[in-house]
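# Topology and contacts: notes
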Amino acid sequence: MEMRNVVVVNSRVVWGLVAVMSLLVGLHAHAAEQVSEAVMKEAKEIWQTRCATCHGTSGKGDGPAGVALNPKPRDLTSEEWQKSVTDDYIEKIIVGGGQAVGKSPLMAANPDLAGKPEVVRGLTKLVRDLQGK
Ligand code: HEC
């Protein structure tokens, strides 16, 4: 009798764990779905070939073409700045350039990305990932 109770309790624990784990796997798969790996790859390439020229690979504003600009691109790794802006704002400045959000036109527009909202989301994700780096 006692032994049977132990088995019942154990199997409940196991099923509980299985439920939690499948939930976690499900959430993870969902997050990955939002921006596919292929799109993230394209976004990373764009970051390296376009954005990093001014912003620097790590987003600190120290790209070869960035240091000479006035105003200089700010440090995108700053937690304070990250908190002060929305994803919508970042997406808008990427596609429309600085002018679209009342900032310097030195922040180049990327009109070719207007028809690629997923890539813009990927770039925004990359900008978000810079925080604290
Ligand atoms: C020709 C240089 C240049 C390139 C290329 C460039 N930027 Fe910028 N970017 C700037 C400058 C300069 C600013 C600052 C504008 C200001 O402060 O008025 C800026 C600002 C920004 C901001 C907003 C920061 C703030 O102050 O609110 C983001 C986000 C950003 N850039 C992302 C990108 C991304 C992503 C790319 C690539 C798709 C990119 N930039 C390409 C020069 C550039």
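Read on for an overview of the structure. What you are looking at is a predicted structure, and each value in this text was computed from that prediction instead of being measured.

Conventions adopted
Residues numbered from 1 in each chain as written. Predicted model: local features only at pLDDT ≥ 70, side-chain atom pairs only at ≥ 80, totals over all residues. Buried ≥ 20, exposed ≤ 12 C-beta atoms within 10 Å, placed from the backbone. Helix = DSSP H or I, 4+ residues; strand = E, 2+ residues; numbered from the N terminus. Arc of directions from axis to C-beta. Contact = placed C-beta atoms within 7 Å. Near = placed C-beta within 6 Å. Expected span 1.5 Å × (residues − 1). Axes fitted to C-alpha atoms, helices over the stretch in contact; angles between N-to-C directions. Left-handed = near helix turned anticlockwise from the far one by under 90°. Nonpolar A, V, L, I, M, F, W, Y, C, P; charged D, E, K, R; others polar. Core = buried A, V, L, I, M, F, W, Y, C linked by C-beta atoms within 7 Å.

## Here we look at helix 4 (residues 87-96)
By the burial criterion, the buried members of helix 4 are Ile90, Ile93 and Ile94. Viewed end-on, helix 4 has its buried residues packed into an arc of 100 degrees, placing them on one side of the element. Each element contacted by the buried residues of helix 4 is listed here: helix 5 (117-129). Just beyond helix 4, the residue with positive phi is glycine 97, at close to 80 degrees.

## Considering the site of the ligand
Around the ligand sit 24 residues, and of these Cys51, Cys54, Lys103, Ser104 and Met107 come closest. Of all the elements, helix 2 (residues 37-55) adds the most residues to the shell around the ligand, at six residues.

## Overview of helix 5
When the terminal C-alpha atoms of helix 5 are compared, their 18 Å separation across 13 residues agrees well with the 18 Å that a helix rising 1.5 Å per residue should span. Taken together, the buried positions of helix 5 are Val119, Val120, Gly122, Leu123, Thr124, Leu126 and Val127. The inward-facing, buried residues of helix 5 contact helix 2 and helix 4.

## Comments concerning the environment of valine 120
Assignment of secondary structure puts valine 120 in helix 5. Assessed through the 23 C-beta atoms surrounding it within 10 Å, valine 120 is described here as buried. Here the alpha-carbon distance between valine 120 and methionine 40, two residues 80 residues apart in the chain, equals 9.7 Å. Among all residues touching valine 120, those that are not within four sequence positions of it are Glu91, Ile94, Val95 and Leu113.

## Describing the packing of helix 4 against helix 5
Following both chains from N to C, one finds helix 4 and helix 5 inclined at 115 degrees, their axes separated by 9 Å at the closest point. For the pair helix 4 and helix 5, the crossing hand works out as right-handed. Seen from helix 4, the contacting residues are Asp87, Ile90, Glu91, Ile94 and Val95; seen from helix 5, they are Val120, Leu123, Thr124 and Val127. Its residues placed into classes, the contact of helix 4 with helix 5 shows six nonpolar, one polar and two charged.

## Things to note about the nonpolar core
Counting residues in hydrophobic clusters, the biggest one holds 15 residues, and the most contacted among them are Ala43, Ile46, Ile94, Val119, Leu123 and Val127. Counting residues per element, the ones that place at least two in this core are helix 2, helix 4 and helix 5. The dominant element in this core, judged by the number of residues it contributes, is helix 5, at five residues. The contacts of alanine 43, once residues within four sequence positions are left out, are Val119, Gly122, Leu123 and Leu126.

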